[in-house]
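# Summary of the model geometry
If you want the building blocks of each chain, they are given just below.
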Amino acid sequence: MTSTALKTLLQAMTLEEKAAQLAQIPMSACLGGVSEPTGPMTALNLTPESIALCGSLIADGPLDAPSYAAVVRALTNAHPHHIPPIVMKDVIHGHRTMFPIPLAIGATFDERFASRMARCGAREAAAMGAHVTFSPMVDVVRDPRWGRVMESPGESPTLCAAMGAAMVKGTRNGDPSHPDSLAACIKHYAGYGLSQAGQEYSPIDVSRTELFNTYFPPFEACVKAGADLVMPAFVGVDRVPCVCNGWMLKDILRGRMGFEGVTISDWDDPGQLRNHGVAADLKEAARLCMEGGLDMDMMSFAYLPHLAQLVREGEISEQLIDEACLRVLELKNKLGLFETPVRNDSAAYQQAVLSDPETKKAAFEAAAASCVLLKNENVLPLRPGAKAALVGDHADSRAILGGWTLDADRSSTRTLFESFASDPRITLTTPGDADVILFACGEREQDTGEGQSKTRPQLTGAQMDELSRLSALGKPVVLLLFCGRPLILTKAEPLCSAILNCWFPGSEGADAIRALVMGDQSPSGHLSMTFPRAIGQIPLHHDRLSGARPHLDGENYFNRYIDESSAPLYPFGYGLSYTSFALDSKVVKQTLCAGSPAVIRTQVTNTGSCSGAAVLQVYAHLRKSPLIRPMRQLIAFRRVELAPQETAEIEFELTQEMLMLYDADGCGVAPEGICDLAVGMDADAPFAQHILCIRG
Ligand code: BGC
């Protein structure tokens, strides 16, 4: 449809019809076509006719394409202007075929895995009938107590920005109207990862300077990559909930970042303004959100019954409804829904997409690239002919997919036990009889994700007891760790000869872990979040700001704890390999100014005897600036696959933008003076190079 035709359509719509386009209701309410509403909708006296007016459905129904197609067709036919609903869905790390959790995808330090994951998930969900995914989540996360860290690419704004942008591109594949593509909704805008003490849905307290420097950049990168929708976070900024925060949604998102798409609330978020004590009732909530810049209301039923009435009472202008409605119609147009409301109605096609071996291969490769080898005292890889015991909660479990896996095809997920038992190179036996013990344990997958905050992110008492018993047998114990967040491993670590952090690796995870354990390929994941030594160190991240008195060993009145080291157990970016790498970095262009990047060239050689991937990381520290800056921050990275003895030369262009600081008004402070650089394989890499930043 042309933009003129869209505007003509808008003019032909009644106020009620326009307001209803701004409401999202559950798909389950419409099953079997335009049926009797169920659940909370009954209380709102919704009729089949008013359901048909709603702009969007959140997909909570069965998973087959024909059911989706029937609902979408029925609603489109029932709409007075035949406007189809948009079907939205959480496709977070795959749809039916699960990929590793996004925190693990962050650990690949390779945007190609993020993009492929998003592409495969979009394809499977589109084959079912979805149009939009509520993904990627690009909250910068530093607090392992918060269960939702699993949904993010990690603690670094640079990593979140790169991975998020890659996921947006993978989801859309250049054209969201393509039958294989979805539109991407980025979330949760912004600062949700700061929820106080890691407790879900708790308030945040963040300065505008921190927002500009740390929390906005990933969103900005995703907007540039083409994100179609933005979901405000459940939290408030400057004590104004993001869902109705005009500074966040209008001034920054639209004014500064140039976002032109649709803003959609998180689940019942307008309704929660009552809990914040900001709105007395749903009607006031509707007014505040509309005025604040929220286009669509997910599931709070504030907009549907109240918007038109608010206009009639002169409380809000119809112009606001028109603008929001036009954005929703534009999204539908961009998705091609006016021509093709139903993506696919063939169960056979859906099945063909779901059984595509390429998707399984991509999930396997992502899982293998994301596992992080944290310790290895020459135990891994296992030698052929080894007798191994495979024990622990996760040894024979299909629950290795992680949170946000409601639609996962669990039946085709192999357990570790099934995978290892099929490998003729080893014999599975009891711990007493084994040469080596594989202890598969960690978090339960249902204990990660939304609503799963913890005060003790660590192995349970029972798991520690079992580890102690196994370790007392005097045989090497390999901990195969499953987790959706950094765990405190300080007590477990000495009891293990090797630790492979498998995160939650997804549908093909068991085979990928076996491939790593058996040495078919070398582990190459690097930590996307710092692993602290103690809960009391949280939040601990590589890019903390410099303090007044940096730590000096043995000194009293300096940055330190009296009962624990300040250092992490494993730093951000850390990960071992079965091979070794030598790095040689040279600054080949020393000066940096606007439009003229500095250049650092790194030669990386695989000095070992097996293939492996090096994850090069560039950290920067600006010696002087008017604002306090991070002691170091990741500004660039590259994953490089190398055969034994192979050398690659990698050039990093360091731009002014990478080192820019922003003040509380969002004004950029260009870097000036000496900037120290470290190129290495984790955040402990020493500063050994520097460049000169010239202002102007
Ligand atoms: C979550 C969102 C999610 C939405 C829809 C909310 O509770 O915070 O991340 O997209 O539900 O499922």
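All figures in this text were calculated on a predicted structure; none of them were measured in a lab. (Residues numbered from 1 in each chain as written. Predicted model: local features only at pLDDT ≥ 70, side-chain atom pairs only at ≥ 80, totals over all residues. Heavy atoms only, no water.)

### Section: the nonpolar core
If you look at the biggest cluster of nonpolar residues, it comprises 181 residues, and the most contacted ones within it are Tyr189, Phe216, Leu307, Leu480, Trp503 and Val517. The element that contributes the greatest number of residues to this core is helix H15 (residues 318–334), accounting for 7 residues. When residues of this core are sorted by domain, at least three fall in each of domain 1 (362–521) and domain 2 (581–695). One finds Leu159, Ala363, Ala678 and Ala685 within the second-largest nonpolar core, a separate group that totals 25 residues. (Core = buried A, V, L, I, M, F, W, Y, C linked by side-chain atoms within 4.5 Å. Buried < 20%, exposed > 50% of the residue type's maximum accessible area, 1.4 Å probe, protein only. Helix = DSSP H or I, 4+ residues; strand = E, 2+ residues; numbered from the N terminus. Domains from an automatic or database assignment.)

### Observations concerning the packing of aromatic side chains
Counted by the stated rule, this structure contains 14 aromatic pairs. Judged by centre distance (5.4 Å) and plane angle (70°), the rings of Tyr189 and Phe219 are edge-to-face. Remark: Phe219 occurs in helix H10 (residues 217–224) and Tyr189 occurs in strand S5 (residues 183–189); sequence separation between them is 30 residues. An identical accessibility class is assigned to Tyr189 and Phe219; each is buried. (Phe/Tyr/Trp six-rings, centres within 6.5 Å; stacked < 30°, edge-to-face > 60°.)

### As for the site of the ligand
Lining the immediate environment of the ligand, one finds 13 residues, of which Asp90, Arg148, His188, Asp266 and Glu450 sit closest. At 2.9 Å, a side-chain N or O of Lys187 approaches an oxygen atom of the ligand. Protein chains shield 92% of the accessible area of the ligand, which is 310 Å² for the free molecule. In the shell around the ligand, the residues fall into 7 nonpolar, 1 polar and 5 charged. (Near = heavy atom within 4 Å. Polar contact = N/O pair within 3.5 Å; in protein donor to acceptor, adjacent residues only side chain to side chain. Areas by Shrake-Rupley, 256 points an atom, 1.4 Å probe, with all protein chains shown as cover. Nonpolar A, V, L, I, M, F, W, Y, C, P; charged D, E, K, R; others polar.)

### What to know about the confidence of the model for the chain
The share of residues in the chain with pLDDT of 70 or more is 97%, and the mean pLDDT across the chain is 95. This model gives residues 32–42 a pLDDT under 50, and the stretch forms 22 contacts once residues within four places in sequence are excluded. (pLDDT = per-residue confidence, 0-100. Contact = heavy atoms within 4.5 Å.)

### Digging into the sheet that holds strand S26 (residues 689–693)
Sheet architecture is open: 5 strands sit in the order S18-S26-S25-S20-S21, paired in mixed fashion. Of all the strands in the sheet, the pair left with one neighbour each is strand S18 (591–592) and strand S21 (633–642). The sheet contact formed by strand S20 (residues 612–622) and S21 spans 9 bridges and is antiparallel. Along S21, the bridge assignment pairs Ala614 with Val640. (Pairing = 2+ DSSP bridges.)

### Remarks on the pairing of strand S1 (residues 23–26)
The alternating pattern of S1 places Ala23 and Ile25 and Gln24 and Pro26 on opposite faces, both of which are buried. Where S1 lies against strand S10 (residues 297–298), 2 bridges are found, and the strand directions are parallel. Within S10, the residue paired with Gln24 across the bridge is Met298. In terms of strand pairing, S1 meets strand S2 (residues 56–58) through 3 bridges, oriented parallel. Its bridge partner being in S2, Pro26 is matched across the sheet by Ile58.

### Quick word on the packing of helix H7 (residues 111–128) against helix H16 (residues 347–354)
Helices that pack against each other are described as a pair by the angle of their axes relative to one another and the distance between those axes. Two elements in contact, H7 and H16, have axes whose closest approach is 9 Å; the angle formed by their N-to-C orientations is 165°. With respect to their mutual orientation, H7 and H16 come out roughly antiparallel. Remark: the crossing between H7 and H16 carries left-handed chirality. In this structure, H7 uses Arg123, Glu124, Ala127 and Met128 to contact H16, whose residues at the interface are Tyr349, Gln350, Val353 and Leu354. In terms of residue class, the contact of H7 with H16 is made up of 5 nonpolar, 1 polar and 2 charged. (Axes fitted to C-alpha atoms, helices over the stretch in contact; angles between N-to-C directions. Parallel < 35°, antiparallel > 145°, perpendicular 65-115°, else oblique. Left-handed = near helix turned anticlockwise from the far one by under 90°.)

### Quick look at unusual backbone geometry
Cis peptide bonds are those with omega within 30 degrees of zero, and the linkage from Tyr189 to Ala190 qualifies with -5°. Secondary-structure assignment places Ala190 in the loop between S5 and helix H9 (208–215). Each neighbour pair has its own omega, and for Leu380 with Pro381 the value is -5°, a cis peptide bond. Within the fold, Pro381 resides in the loop between strand S11 (372–376) and strand S12 (387–391). If you check the backbone angles, Tyr201 has positive phi at about 65° while not being a glycine. If you trace the backbone, Tyr201 turns up in the loop between S5 and H9. Residue class for Tyr201 comes out partly exposed when judged on its relative accessible area of 46%.

### Observations concerning the pairing of strand S22 (residues 647–654)
Only one face of S22 is buried, namely the one carrying Ala648, Ile650, Phe652 and Leu654, since none of Thr647, Glu649, Glu651 and Glu653 on the opposite face is buried. Bridge analysis of strand S19 (residues 598–606) against S22 gives 8 bridges, and the strand direction is antiparallel. Its bridge partner being in S22, Thr602 is matched across the sheet by Ile650.

### Notes on helix H20 (residues 509–517)
Counting buried residues in H20 gives 9 out of 9 residues, a clear majority hidden from the surface. Taken as a whole, H20 has its buried residues at Gly509, Ala510, Asp511, Ala512, Ile513, Arg514, Ala515, Leu516 and Val517. Backbone geometry just after H20 places Gly519 at a positive phi near 85°.

### Considering the domain arrangement of the chain
By domain assignment, the chain separates into domain 1 (362–521) and domain 2 (581–695). Between the C-alpha centres of domain 1 and domain 2 the distance comes to 34 Å.

### Re the pattern of salt bridges
Pairing is possible between side chains of opposite charge, provided their charged atoms come close. Summed over the entire model, instances satisfying the criterion amount to 43 salt bridges. Here Glu291 ties to Arg287 by a salt bridge, and the two come within 3.1 Å at their closest N and O atoms. In this pair, Glu291 and Arg287 are both assigned in helix H13 (residues 282–292), 4 residues apart and thus about one turn of the helix distant. Where Arg623 meets Asp676, a salt bridge forms, and the shortest distance between an N and an O atom there is 2.7 Å. Of the two residues, Arg623 is situated in the loop between S20 and S21 and Asp676 in strand S25 (residues 673–680); the sequence distance between them amounts to 53 residues. The class of Asp676 is buried, set by a relative accessible area of 12%. (Salt bridge = Lys/Arg side-chain N within 4 Å of Asp/Glu carboxyl O.)

### With respect to the packing of helix H1 (residues 3–12) against H15
The interhelical angle for the contact between H1 and H15, taken along N-to-C directions, is 130°, at an axis separation of 10 Å. The orientation of H1 relative to H15 falls into the category oblique. Regarding H1 and H15, the two cross each other, and that crossing is right-handed. Across the interface between the two elements, Leu6, Lys7, Leu9 and Leu10 of H1 pack against Asp322, Cys325, Leu326, Leu329, Glu330 and Asn333 of H15. Residues that form the contact of H1 with H15 fall into these classes: 6 nonpolar, 1 polar and 3 charged.

### A short note on the side chain of Glu445
On the secondary structure map, Glu445 appears in the loop between strand S14 (436–442) and helix H19 (461–471). Glu445 gets classed as buried once you look at its relative accessible area, which sits at 9%. Polar contacts involving the side chain of Glu445 include one to the main-chain amide nitrogen of Gly402, which spans 2.8 Å. Side chain to side chain, Glu445 and Arg410 meet in a polar contact 2.7 Å long. Contacts of Glu445, omitting those with residues within four sequence positions, involve Ala399, Ile400, Leu401, Gly402, Gly403, Arg410 and Phe504.

### With respect to the sheet that holds S5
Spatially, 8 strands are ordered S9-S6-S5-S4-S3-S2-S1-S10 in an open sheet, and the strand pairing comes out parallel. Of all the strands in the sheet, just strand S9 (262–263) and S10 have a single pairing partner and so form its edges.

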